Each structure stands twice: as C-alpha cells, then as structure tokens.
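# Report on the structure
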Amino acid sequence: KFVDSAIRALVAEMADIMYAAHGVGLAAPQVGRSLRLLVYDAGGGLQALINPQVSKEKGEQYEPEEGCLSIPGLRGVVRRPSQIYVHALTANGHPVRFKARDFEARIICHEVDHLNGILFTDRADPKTLHMLTPEEQAAEREPTP
Ligand SMILES: [Zn+2]
C-alpha cells in the first residue's frame, strides 16, 4: 500500500515540529524528505495531504503577511487565490477532494509551493519583504505557514 505506517509516523513528526514552532503548515522537503506530503492546521485541526493537486483557482487575497518556518522572522505580502480546489490523499490513503478558502487556501498554496521548490520570497512583493525585530519575533504568536 502506498501510504504506510512510515508515512503516518512522518506526519506525526512533522505535526510536532509545526506546532512547536507555532506554525500553521509544514512540507516534507522542509524536514529533508523529498516526498509530496504536507501538514497544516488552519484552525480546524491537523490535516495531512499526500500528493496534493491544486486547481480551479479564483479570486485573490493579500493578507495576512506570509512567513515561513524555514526563514524565521521574514515577512512579506504574497498574492494568493482566495479559493482553490484541492485533491489529494489523506494520511490513511483515502482520496479527498475539497474546496479551500481564505487562510486555508493560503496555507495550502504556500506548502504546495514548497513541494515544487518555491519559497514565498519568490512570490512576495519584494518591497514588502522585511525582517521582524528580535523583540517582534519574541512577541510573535501569530501562526505562520
Ligand atoms: Zn514555508
């Protein structure tokens, strides 16, 4: 079976890393694994997607500013679709198809970009990229993908 216990163990490990870092998303390449796997939590609990495909994008959104667990402290404005359709496999190997909007759509787009070797800095409006100060980083509790 394609999705085995090793994948489920990796999902659990990635979720631990993500939550410990106050993140809202993490892609397998960020933990050194070349797998098309991502985890995220847009506020509704942990989700894991294997081989996610995004299609039928519509609308656009510019907020909140994006950051990345792989580039601590950096923020910038990234245009993302406000609605996407996703199809993927769950960590249990079940095919799923769903519509994601707003913050959830932003997170999924950010993490799917990681699977394709693209960082948010590649898409951000360059003049909006900025580093948080150490004080801002310490105070920061806002989740970042
Ligand atoms: Zn990231």
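Since we're looking at a predicted model, the values are computed, not measured. (Residues numbered from 1 in each chain as written. Predicted model: local features only at pLDDT ≥ 70, side-chain atom pairs only at ≥ 80, totals over all residues. Heavy atoms only, no water.)

### What to know about the overall build of the protein
- For the protein, the helix and strand inventory stands at four helices and seven strands.
- Written out in order from the N terminus, the α and β elements of the protein read α-β-β-β-β-β-β-α-α-β-α.
- Along the three orthogonal principal directions, the C-alpha set of the protein runs to about 45 × 30 × 25 Å.
- Counting every position in the protein, which comprises 145 residues, the buried fraction comes to 41%.
- Within the protein, residue pairs in contact and separated by at least 24 positions form 63% of the contacts whose partners lie at least 6 positions apart.
- The averaged location of the 19 negative side-chain charges in the protein is 10 Å from the averaged location of its 16 positive side-chain charges. (Helix = DSSP H or I, 4+ residues; strand = E, 2+ residues; numbered from the N terminus. Buried < 20%, exposed > 50% of the residue type's maximum accessible area, 1.4 Å probe, protein only. Contact = heavy atoms within 4.5 Å. Lys, Arg positive; Asp, Glu negative; His and termini not counted. Charge placed at Lys NZ, Arg CZ, Asp CG, Glu CD.)

### Digging into the sheet that holds strand E1 (residues 25-27)
- With respect to topology, five strands assemble into an open sheet ordered E1-E2-E3-E5-E6, the strand pairing being antiparallel. Single-partner strands in this sheet number two, and they are E1 and strand E6 (95-101). Strand-to-strand twist of the sheet, defined as the mean angle between neighbouring strand axes without regard to direction, takes the value 40°.
- Pairing analysis gives seven bridges linking strand E5 (residues 83-89) to E6, with the strands arranged antiparallel. Looking at the pairing, Val86 lines up with Phe98 of E6.
- Across the sheet, helix H2 (residues 102-115) is in contact with E1, strand E2 (37-40), strand E3 (47-58), E5 and E6; its angle to E6 comes to roughly 120°. (Pairing = 2+ DSSP bridges. Axes fitted to C-alpha atoms, helices over the stretch in contact; angles between N-to-C directions.)

### Topic: the pairing of E5
- The pairing of E3 with E5 spans five bridges and is antiparallel. Paired with Gln53 across the strands is His87, a residue of E5.
- Hairpin connection between E5 and E6: a loop of five residues separates the two successive antiparallel strands, and Gly93 in this loop has a positive phi of roughly 85°.

### Quick word on the pattern of salt bridges
- Evaluation of the coordinates by the stated rule reveals six salt bridges.
- Ionic pairing is found between Glu66 and Arg106, a salt bridge with its closest N-O pair at 2.7 Å. Of this pair, Glu66 sits in the loop between E3 and strand E4 (74-75) while Arg106 sits in helix H2, and the two are 40 residues apart along the sequence.
- For the salt bridge of Asp125 with Lys127, the shortest nitrogen-to-oxygen distance reads 3.1 Å. (Salt bridge = Lys/Arg side-chain N within 4 Å of Asp/Glu carboxyl O.)

### Things to note about helix H1 (residues 5-20)
- Between its terminal C-alpha atoms H1 stretches 23 Å, which fits the 22 Å expected from 16 residues at 1.5 Å a residue.
- Tucked inside the fold, the buried residues of H1 contact E1, E2 and E3.
- Structurally, the start of H1 carries an N-cap: the backbone nitrogen of Ala6 is 3.1 Å from a side-chain oxygen of Asp4. (Expected span 1.5 Å × (residues − 1). Polar contact = N/O pair within 3.5 Å; in protein donor to acceptor, adjacent residues only side chain to side chain.)

### Things to note about the coordination of the zinc ion
- The coordination sphere of the zinc ion, as far as protein atoms go, consists of Cys68 (SG), His110 (NE2) and His114 (NE2), spread over 2.0 to 2.2 Å.
- Mapping the donors of the zinc ion onto the primary sequence gives the spacing C-x41-H-x3-H. Within this pair, whereas Cys68 is found in the loop between E3 and E4, its partner His110 is found in helix H2, the two being separated by 42 residues in sequence. (Donors = N, O, S within 2.8 Å, 3.2 Å for Na, K, Ca; no water.)

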